[in-house]
Amino acid sequence: MNISALLESYHELSGEQMNHINEVVARALLHVVHHHILSVTPSLVLTLCCRSEHTCNFYNEMMSTLFRQWGLAPLQIVNVERGVPWQPVAGRRHFNVIFTDSFAAFSEIRMEYYAREYNYNEHYFIFLQARDRLLQNEMRLIFDYCWRYQLIHCSVQVQKSNGDILFYSYYPFGERGCADMEPQLINRYNGSSLVEPEIFPRKLRNFYGCPVRCALWHSPPFLRLSEEDVDALSVTGGYEGRLLLALAEKMNFSIAVRPIQRNVRDGTLEMLQRGEADLTLGGIRQTVNRSMVATSTHNYHQTREVFGVLASSYELSSLDILLYPYRLKIWLGILGVVALSALLQLAVDRLLRKHGSDANLGARSWLNLELIFVGMPLMDTPRSHTARLYCLMLMMYTLIIRTIYQGLLYHLIRTHQLNRWPQTIESLVERNYTVVLTPIVLEALKEIPSVQHMKFRLLEDPDSDLEPLHFLEANHQLRRHVTASALDIFIQFNRLSAEEVHRQGGNSAETAAHFEIVPEDIINMQLTMYLAKHSFLIDQLNEEIMWMRSVGLLAVWSRWELVESYLRSEQSYQILGLDELYAIFLVVLVGLLLSLVVFLCELLSQRFRLLRRFFS
């Protein structure tokens, strides 16, 4: 029905129309519902709100005609009556069909109330009945309402006085400018189907250079802003900065930076709530509390919250370097072998020394023992078979000990090894470490029971996430202090420190401040972009982000910005103990037993001629 045609053909304005016209309108509605709505959703909500009694009569007749051909499909019907106090009606409003006769009646539905907490874009198919001369203005008011509350998928069906059934929508970004609410024809019904395949056209593929307001701050390695012109900041790089620039290029929008003075993520969310910005990003972790006040896109980067220690606090002292390769038990074992060798050498010399032998033989034996342990050739070949066998055993033993010691010492010097720092969160707690951190990191750590008993040193109003790392660098004399941050922040600090030393011509391996990572993770972090609640951007941005992930762009940008070569892959701290070297002492034991047998035989040979032949 069309109101203009109604005035000419209706009797007593009863709201009745010729049945064949109603049938055409009903077929158009059924076609839209079955082919464009129920094909993508299992249910929908039909809302009726009209101010003209005659139009309401028509809609009632229309629904009767409609439901005769409806089929099996869940439907919720909401009737908003004029003069009845408004109250919300529960229901999932992802797809909506609305029957109305004016903008005034449409606004009484208060669709924005239901949509304000949604994290997706709903679809609204509006059947508007009004006089021809009022249609354009009524649609413009409806589209202005939709844009005000970020209802991006609004399409209106109208019936002209000549019987044409047309479909209109609005394109907020176009060649004619930004925030354009002028109704534009998108489709028409030819009696059996729609001329065009879409009833809800895509509107955000091309912004035509219109600005998107972004609440940003300089936070490498996530986001870098140009600092030359404070009044006209621009995005120059960073992992998420590259993502934002790629989105701006693909969707053809300009980035209007709304700068934040400090690294206050919750402050940016308040800007989104006040409508001062459309999106924010820059190392923002996806949390339940933030998702209650803003809408998050698909996460595009996963990192870890970890503890880090300043490497210079764990450098080896001279004594540590000297004793580095072996544990205490091994050093005690080596000293025990030296002492036992000296005693055995003394016993063999006294018991097997012949009458009238050289008085300096004992001194030469002691010197031989020293030469064996330092790997030098013997001065004199021992005369007794026991001493020769014992020297051979000691040579094999000391060869292995010296080779291992020299190899590990070379490895220490070459790789710049450090003292063993704590490897677990539990060890940090047991040793009573103090954590230097920012309020944002403290917020994350409060969720972890295992670290709640640690001591915290909070840095108020930090200029950046690197502030705790710079604090420990400046106060390197502090012992039992660690800091907690995202792994990306430690990589960034180590990278900047190494580059600074390289520019100054120094040796970065020795002079650059460097942080080492405690292997146990605190928490996994999903980084995301936050938009205003129920933002019109959410579906389009999610689609673009998923496309970039699928082709590997996000992984490439991550490798460019986050070079993990500035971190040790693991702490290659290897000190050999008794479990690794027990075979060496087993060789000594076997050699001592064999030497004991030869010693006894050689001792008996002094009394028995039969044995003397073998040891003469």
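Residues numbered from 1 in each chain as written. Predicted model: local features only at pLDDT ≥ 70, side-chain atom pairs only at ≥ 80, totals over all residues. Heavy atoms only, no water.

1. Remarks on the overall build of the chain
The number of helices and strands found in the chain is 22 helices and 22 strands. Looking at the chain residue by residue over its 616 residues, the buried ones come to 48%. (Helix = DSSP H or I, 4+ residues; strand = E, 2+ residues; numbered from the N terminus. Buried < 20%, exposed > 50% of the residue type's maximum accessible area, 1.4 Å probe, protein only.)

2. Focus: the pairing of strand β17 (residues 434-437)
The two faces of β17 match: T434 and V436 on one face and V435 and L437 on the other face are all buried. Summarising the sheet, β17 and strand β18 (residues 455-458) pair through 4 bridges and their orientation is parallel. Its bridge partner being in β18, V436 is matched across the sheet by R457. Note that the unit made of β17, helix α15 (residues 439-445) and β18 has a crossover that is right-handed. Bridge analysis of β17 against strand β19 (residues 481-486) gives 3 bridges, and the strand direction is parallel. Note that in β19 the partner of V435 across the bridge is V482. (Pairing = 2+ DSSP bridges. Right-handed = clockwise from strand over helix to strand, strands pointing away.)

3. Points about the state of the cysteines
Applying the stated criterion to the full structure yields 3 disulfides. C146 shares a disulfide with C154; S-S distance 2.5 Å. Handedness here is read from the sign of the S-S torsion; for C146 and C154, about -90 degrees, the answer is left-handed. Overall, the relative accessible area of 0% leaves C146 in the buried class. Here C178 pairs with C210 through a disulfide, and the sulfurs are 1.9 Å apart. One disulfide, between C178 and C210, carries an S-S torsion of -100 degrees and so falls in the left-handed class. Here C210 lies in the loop between β9 (184-189) and β10 (211-216) and C178 lies in strand β8 (residues 177-178), a separation of 32 residues in the sequence. On the basis of relative accessibility, which here comes to 2%, the residue C210 falls in the buried class. (Disulfide = S-S within 2.5 Å.)

4. With respect to the nonpolar core
Membership of the largest hydrophobic core comes to 104 residues, with the highest contact counts inside it found for F207, L216, L279, Y300, F307 and M529. Beyond its immediate chain neighbours, meaning those up to four positions away, M529 contacts L243, L247, L279, T280, L281, T295, S296, T297, Y300 and L541. (Core = buried A, V, L, I, M, F, W, Y, C linked by side-chain atoms within 4.5 Å. Contact = heavy atoms within 4.5 Å.)

5. Looking at helix α19 (residues 538-550)
Note on helix geometry: an α-helix contains 3.6 residues per turn, so any two residues three or four positions apart are oriented the same way. Over its 13 residues, α19 runs 18 Å from end to end, which matches the ideal 18 Å to within 8%, given 1.5 Å per residue. Among the residues making up α19, those that are buried are I538, Q540, L541, N542, E544, I545 and M548. In this structure, the buried side of α19 is in contact with α7 (239-251), β14 (279-280), β15 (294-296), β22 (530-532) and α20 (553-561). Of the residues trailing α19, G552 is marked for its positive phi of about 90 degrees. (Expected span 1.5 Å × (residues − 1).)

6. Concerning the confidence of the model for the chain
Confidence in the prediction of the chain, expressed as mean pLDDT, is 81, and 79% of residues score 70 or more. Counted against residues more than four places away or in other chains, residues 1-17, with its pLDDT under 50, gives 40 contacts. (pLDDT = per-residue confidence, 0-100.)

7. A closer look at the sheet that holds strand β2 (residues 75-79)
An order of β2-β1-β3-β4-β5-β6-β9 is seen for the 7 strands of this open sheet, with the pairing classed as mixed. Both edges of this open sheet fall to β2 and β9, since each of them pairs with a single strand only. The mean angle between the axes of side-by-side strands here comes to 20 degrees, regardless of whether they run parallel or antiparallel. Pairing analysis gives 5 bridges linking strand β1 (residues 44-49) to strand β3 (residues 95-100), with the strands arranged parallel. Residue pairing across strands places C49 opposite T100, the latter belonging to β3. Contacting β4 (123-128), β5 (153-159) and β6 (165-169), helix α6 (residues 132-148) runs over the sheet at an angle of about 170 degrees to β5. (Axes fitted to C-alpha atoms, helices over the stretch in contact; angles between N-to-C directions.)

8. Side note on the sheet that holds β14
The strand order β13-β10-β14-β22-β15 describes an open sheet built from 5 strands, whose pairing is mixed. Of all the strands in the sheet, the pair left with one neighbour each is β13 (254-259) and β15. Relative to β22, β14 is paired through 2 bridges, and the arrangement is antiparallel. Looking across to β22, one finds that T280 is bridged to Y530. Along the sheet face, α7 touches β10, β13 and β14 and points at about 140 degrees away from the line of β13.

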